[in-house]
Amino acid sequence: MSLHADALAVLGAWTAPDARQEDLRRSYVEHLGGHEDAMWRTCLPGHVTASAAIVSADGAEVVLTLHRIHRMWLQTGGHCEPGDATLAAAALREAVEESGLRGVTLLPDPVRLDRHRVPCGGGSFHLDVQYAAVAPSGSVLVCDPDESADLGWFPVGDLPDPTDDSVRDLVRAAAGAAAAYRSAV
């Protein structure tokens, strides 16, 4: 199965938590249906990206990275690459690359979608598929300056500035998914 086909399958099967997320889900599926190159940054109307909010093993903290260009605290994530077999694999790869953490468990289903304007190709949109991940106990972050300006653990209920509503919404959703995961294992 191609990455494009995986994205269609994931988004086709995903149950959105509310009407706004359902509208985004439908628009992503429509975009994928109309653009064979929708997984790649060269798709300038917009391209699918994958990200993850990494929650601590106890659920109290989340990893955020200070984006080098936008100078905002964001979740880990970014563009899909040719070696990514699935959206989940892309989200996990980005989480590991940007945090330096090993042994991260990516939860299987997306928790949110977020569409936002980006400067790719002079102006485009990221159609971000957002996952939750859980870090092993005692995880230590390793900041790679090629990946981010800074990196840190932050209390789930007290995120740093500057950030935005989409990050706060994702952290809430990821913390909830991580709590459900912890109670199931």
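Below is a short write-up of the structure. Just so we're clear, the structure is a prediction, and the values are computed from it rather than from any experiment. What you see as residue numbers is a count from 1 along each chain, following the sequence as written. pLDDT decides what is reported in this predicted model: residues at 70 or higher carry local features, side-chain atom pairs at 80 or more are listed and counted, and totals for whole chains, interfaces and linings draw on all residues regardless. In computing side-chain values, all of the structure's heavy atoms are included and hydrogens and water are not.

**Considering helix H1 (residues 3-13)**
What H1 keeps buried is the set Leu3, His4, Asp6, Ala7 and Leu11. End-on view of H1: buried residues confined to an arc of 160 degrees, all on one side of the axis. Here the buried face of H1 lies against helix H2 (19-34), helix H3 (87-99), strand E6 (112-118) and strand E7 (124-134). Only protein chains enter the area calculation, which uses a 1.4 Å probe; residues under 20% of their type maximum are buried, those over 50% are exposed, and those in between are partly exposed. Segments assigned H or I by DSSP are reported as helices when at least four residues long, segments assigned E as strands when at least two residues long, and all are numbered from the N terminus. This arc corresponds to the set of directions leading from the helix axis out to the C-beta atoms. Only heavy atoms enter the contact rule, under which two residues are in contact if any of them lie within 4.5 Å.

**Observations concerning the packing of aromatic side chains**
Only centres within 6.5 Å qualify two rings of Phe, Tyr or Trp (six-membered ring in Trp) as a pair; their planes then separate them into stacked at under 30 degrees, edge-to-face at over 60, and tilted for everything else. One pass over the full model with this rule turns up one aromatic pair. Note on Trp73 and Phe154: the rings are 4.9 Å apart at their centroids and 70 degrees apart in plane angle, and the pair reads as edge-to-face. With Trp73 in strand E3 (residues 73-74) and Phe154 in strand E8 (residues 150-155), this residue pair connects regions lying 81 residues apart in the sequence. You can call Trp73 buried: its relative accessible area is 10%. Note that Arg115 overlies the ring of Phe125, its terminal NZ or CZ placed 3.6 Å from the centroid. To sit over a ring, a charge needs its Lys NZ or Arg CZ within 6 Å of the ring centre and within 35 degrees of the ring normal.

**What about unusual backbone geometry?**
Cis geometry is found at the peptide bond from Asp161 to Pro162, where omega equals -5 degrees. Within the secondary structure, Pro162 sits in the loop between E8 and helix H4 (165-184). If you check the backbone angles, Arg71 has positive phi at about 55 degrees while not being a glycine. You can see Arg71 is positioned in the loop between strand E2 (61-66) and E3.

**So, the pairing of strand E1 (residues 47-55)**
Where a strand is regular, its side chains alternate between the two sheet faces. Judged by how many residues are buried, E1 sits mostly within the fold: nine of nine residues are covered. Of the two faces of E1, both are covered, the one formed by His47, Thr49, Ser51, Ala53 and Val55 as well as the one formed by Val48, Ala50, Ala52 and Ile54. Direction of pairing for E1 relative to E7: parallel, over a ladder of nine bridges. Note on E7: the bridge partner recorded for His47 is His126. When E1 meets strand E4 (residues 76-79), the two strands line up antiparallel, connected through four bridges. Along E4, the bridge assignment pairs Ser51 with Gly77. The pairing criterion for strands is at least two bridges between them, as found by DSSP.

The values reported here are purely geometric and, on their own, carry no functional implication.
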